[in-house]
Amino acid sequence: MNDECLICKVPLVYLEADEPMECSVCHKRENSKTRCVNGHYVCNECHTQGLDAILALCLGETSKDPAAILEKMMANEMLCRFSDAANSRKRKRRIENGR
């Protein structure tokens, strides 16, 4: 499990008791014990949608070219919605440069 915020990449805080929170992505309100130090909360449904999108893309993919598959993933809004455009460009450059 990744212990950093999907929104701002800062550490998560694990609270003793549930608190009312609003998902920073879909704005659903629910109780949770986990948020980042900046107060961001991402509900379980939004947190797992990226995994669902990756699985769907991979299961339906016919290409054998990993770079082409990764390009499709990076173009998928569901998979890159937590990253700003600059981070997406940096990832693309690292991939193109083999890093």
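Owing to the predicted nature of the structure, the values given are computational and were not obtained by experimental measurement. For every chain, the first residue of the written sequence is number 1, and numbering continues from 1 along that sequence. The predicted nature of this model means local features are confined to residues of pLDDT at least 70 and side-chain atom pairs, given and counted, to a pLDDT of 80 or more, with totals for whole chains, interfaces and linings taken over all residues. As a convention, hydrogens and water are excluded, and side-chain values are obtained from all of the structure's heavy atoms.

Asker: Report on a nonpolar patch on the surface, specifying residues and quantitative values.
Answerer: Exposure above 30% relative accessible area and the absence of a salt bridge qualify a residue for a patch, where like charges join within 9 Å and nonpolar side chains (Val, Leu, Ile, Met, Phe, Trp, Tyr) within 5 Å. Working definition of accessibility: Shrake-Rupley area with a 1.4 Å probe, residue cover restricted to the visible protein chains. One side-chain nitrogen of Lys or Arg within 4 Å of one carboxyl oxygen of Asp or Glu is enough to make a salt bridge. The grouping of Leu51, Leu55 and Leu59 at the surface amounts to a nonpolar patch, some 340 Å² of accessible area in total. Put simply, DSSP marks the helices as runs of H or I at least four residues long and the strands as runs of E at least two long, and each gets a number from the N terminus on. By the secondary structure assignment, Leu51 is in helix H1 (residues 44-60).

Asker: Which residues make up the side chain of Ser32, and what values go with them?
Answerer: Mapped onto the elements of the fold, Ser32 is located in strand E2 (residues 29-36). Residue burial is assigned from relative accessible area. The probe radius is 1.4 Å, only protein chains are included, and a residue is buried under 20% of its type maximum, exposed over 50%, and partly exposed in between. Take Ser32: its relative accessible area is 11%, and that puts it in the buried class.

Asker: Tell me about H1, and name the residues and values.
Answerer: Each residue after the first adds 1.5 Å to the expected span of a helix. Compared with an ideal rise of 1.5 Å per residue, which puts 17 residues at 24 Å, H1 spans 24 Å between its outermost C-alpha atoms and is within 8% of the ideal. Among all positions of H1, only Cys46, Gly50, Ala53 and Leu57 are buried.

Asker: How would you summarise the pairing of strand E1 (residues 12-22) if you had to cite specific residues and measurements?
Answerer: Sheet topology places E1 next to E2; seven bridges connect them, and they run antiparallel. Directly across from Leu12, in E2, lies its bridge partner Cys36. Strands are labelled as partners when DSSP assigns at least two bridges between them. As consecutive antiparallel partners, E1 and E2 are separated by six residues, and within that stretch His27 has a phi angle of approximately 70°, a positive value.

Asker: Describe unusual backbone geometry, with residues and values.
Answerer: Located in the positive-phi region is Lys9, a residue other than glycine, with phi close to 65°. Relative to the assigned elements, Lys9 resides in the segment before E1.

Asker: Now, about the side chain of Glu61: what can you tell me, with residues and values included?
Answerer: Position of Glu61 among the secondary structure elements: in the loop between H1 and helix H2 (66-75). Residue classification places Glu61 among the buried positions, given a relative accessible area of 17%.

Asker: Tell me about the environment of Leu57, residues and numbers included.
Answerer: Here Leu57 lies in helix H1. A sequence separation of 19 residues divides Leu57 from Asn76, and the C-alpha atoms of the two residues are 9.4 Å apart. In what follows, a contact means two residues having at least one pair of non-hydrogen atoms within 4.5 Å. Here Leu57 is in contact with Ile69, Lys72 and Met73, once residues within four sequence places are set aside.

Asker: So, the environment of Glu30: which residues are in play, and what are the values?
Answerer: With respect to the element layout, Glu30 can be found in strand E2. A relative accessible area of 25% places Glu30 in the partly exposed class. In the structure, Glu30 is positioned ten residues away from Pro20 in sequence and 5.6 Å away in space, judged by C-alpha atoms. For this analysis, a polar contact is any N or O atom pair within 3.5 Å, provided that within protein one partner can donate a hydrogen and the other can accept it, and provided that sequence-adjacent residues contribute only side-chain to side-chain pairs. At a separation of 2.2 Å, a polar atom in the side chain of Glu30 contacts the side chain of Tyr41.

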